[in-house]
Amino acid sequence: KTYNTSKKERIYHMFGFSKKKNLKEDSHLYAPLSGEIISISEVADPVFSKKMMGDGYAVEPTGNQLFAPVSAKVSLVQGHALGFVRADGLEVLLHVGIDTVSLNGAPFTFKVKEGDIVDGGQEIGHVDWDQVKKAGLSQTTMIVFTNTQDKLGNFEVKKGTTTAGADIGSAQVK
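Thresholds, definitions, all that
Residues numbered from 1 in each chain as written. Predicted model: local features only at pLDDT ≥ 70, side-chain atom pairs only at ≥ 80, totals over all residues. Heavy atoms only, no water. Helix = DSSP H or I, 4+ residues; strand = E, 2+ residues; numbered from the N terminus. Contact = heavy atoms within 4.5 Å. Areas by Shrake-Rupley, 256 points an atom, 1.4 Å probe, with all protein chains shown as cover. Pairing = 2+ DSSP bridges. Axes fitted to C-alpha atoms, helices over the stretch in contact; angles between N-to-C directions.

Peer 1: Kindly report on the overall build of the protein chain, identifying the contributing residues and their values.
Peer 2: Assigned secondary structure in the protein chain consists of four helices and 14 strands. In the protein chain, of all internal contacts separated by at least 6 residues, the share reaching a separation of at least 24 is 72%. Accessible surface for the protein chain amounts to roughly 9300 Å². Of this, 49% is attributable to carbon and sulfur atoms.

The following block contains the structure:
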């Protein structure tokens, strides 16, 4: 049998690496970490608790594996944060820990890059909480709708204990 593609291309295709994911409509919200879901107004950092960056919710984590909080296209990958844009245009920021920008990305390992399409509840990385604790920083992780004013109609999440990747609520756009 003859092939018009390289061996590498055939192997990539055989294992599904060449399949391009399509962005899907999904209004559900997913737990980015195992832990306790709390109101964003309970967060110790006023930038988040006063909703200066937008409305949202937070997690007091018990686990270290990170999962996509929404089905979306990855729009931002920084050392301590990931940005997502859903198919309906809602922008979502996953900010891991408080003041963790000062750690220059050291405790965070992300499995995604800008432009990737992720499913809600898909594993996207992990965090070494020991490094965060040694730096004296909070593990509280925020999920913020950064275009709240323009796009967010309403959202609802189940507060309390959750498992990473679990469906915890939904958000509708205006």
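Peer 1: Please provide a residue-by-residue account of the sheet that holds strand β12 (residues 152-157), values included.
Peer 2: With antiparallel pairing, three strands are arranged side by side in an open sheet as β1-β14-β12. Strands with a single pairing partner mark the edges of an open sheet, and in this sheet they are β1 (28-30) and β12. Going across the sheet, the axis of each strand differs from the next one's by a mean of 25 degrees, ignoring polarity. Sheet topology places β12 next to strand β14 (residues 167-173); five bridges connect them, and they run antiparallel. When the sheet's bridge partners are listed, Asn 154 is paired in β14 with Gln 172.

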